[in-house]
Amino acid sequence: MALTPDDVVTKQFQHVRFKDGFDPDEVDDFLDEIVIEWRKALEENVELKAKLAAYESGDAPAAPAAAAEAPAAVVEEAPASAPAAAEPAPSGSATATAGIIELAQRLHDEHVAEGEAKRAQLIAEAEGEVNRIRTEAEAKQREESARLERERNALEARITELRNFERDYRSQLRGYIEGQLRDLDEKSASTDSTPVSAIGL
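Below you will find a few notes about this structure. (Residues numbered from 1 in each chain as written. Predicted model: local features only at pLDDT ≥ 70, side-chain atom pairs only at ≥ 80, totals over all residues. Heavy atoms only, no water.)

### Regarding the pattern of salt bridges
Move 1: In total, this model carries 11 salt bridges according to the counting rule given.
Move 2: Residue Lys51 is joined to Glu47 by a salt bridge in which the shortest nitrogen-to-oxygen separation is 3.6 Å. Remark: Glu47 and Lys51 occur in helix α2 (residues 24-57); sequence separation between them is four residues, near one turn of the helix.
Move 3: Judged by its relative accessible area of 31%, Glu47 is partly exposed.
Move 4: Residue Arg106 pairs with Glu110 through a salt bridge whose shortest N-O separation is 4.0 Å. Residue Arg106 and its partner Glu110 are both found in helix α5 (residues 91-193); the two are separated by four residues, about one turn of the helix.
Move 5: Residue Arg106 is classed as partly exposed on the basis of its relative accessible area of 43%.
Move 6: Using a relative accessible area of 44% as the deciding quantity, one classes Glu110 as partly exposed. (Salt bridge = Lys/Arg side-chain N within 4 Å of Asp/Glu carboxyl O. Helix = DSSP H or I, 4+ residues; strand = E, 2+ residues; numbered from the N terminus. Buried < 20%, exposed > 50% of the residue type's maximum accessible area, 1.4 Å probe, protein only.)

Structure below.
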């Protein structure tokens, strides 16, 4: 089935999620321009067909004006008596249509290239951000590991210091207690060796 301007106007495109796409307003504006130019080309084509049919049938040249006002769907159905009406459009309108299609294709290619470049840029930026975050995380991990290692060394040194203090304290306490016991033993021995008369009994 032939494509008509109404097909362009009513065409619906699906939106792609999570990806870059075209600006819908920009696409709609461009399609509107295509439809206007296309309708002009079709009207010109109909008018030329009507003129050709009138010329071949020998009618007066007033027929093309009425044919130009007729709807495109009605005029496109040429009578069987005018086989030349089914011939292709003149080269001027065909060139204009081809130019519009070429322009649309070029703009489409430009938009696709722009979208791909934007996608590549976003991917590169995301990869750079990932590398930056990874580098920061690794540096923070190394810093935290070094801090924990310093704290562990400090705690081990404190534990060693407390153990030495405990050993010295026990040794001093033992010496003190042993000295007290010796003093008690000496006093007890001296008391046992003193005569009873010396005590005053």
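Now that the structure has been shown, the text picks up again.
### Here's the deal with the packing of aromatic side chains
Move 1: Tallied over the entire structure, the rule returns one aromatic pair.
Move 2: Ring geometry for Phe165 and Tyr169: centres 6.2 Å apart, planes at 20°, overall stacked. Here Phe165 pairs with Tyr169, and both are found in helix α5, just four residues apart, close to one helical turn. (Phe/Tyr/Trp six-rings, centres within 6.5 Å; stacked < 30°, edge-to-face > 60°.)

Spatial relationships are all this shows, so hold off on functional conclusions.
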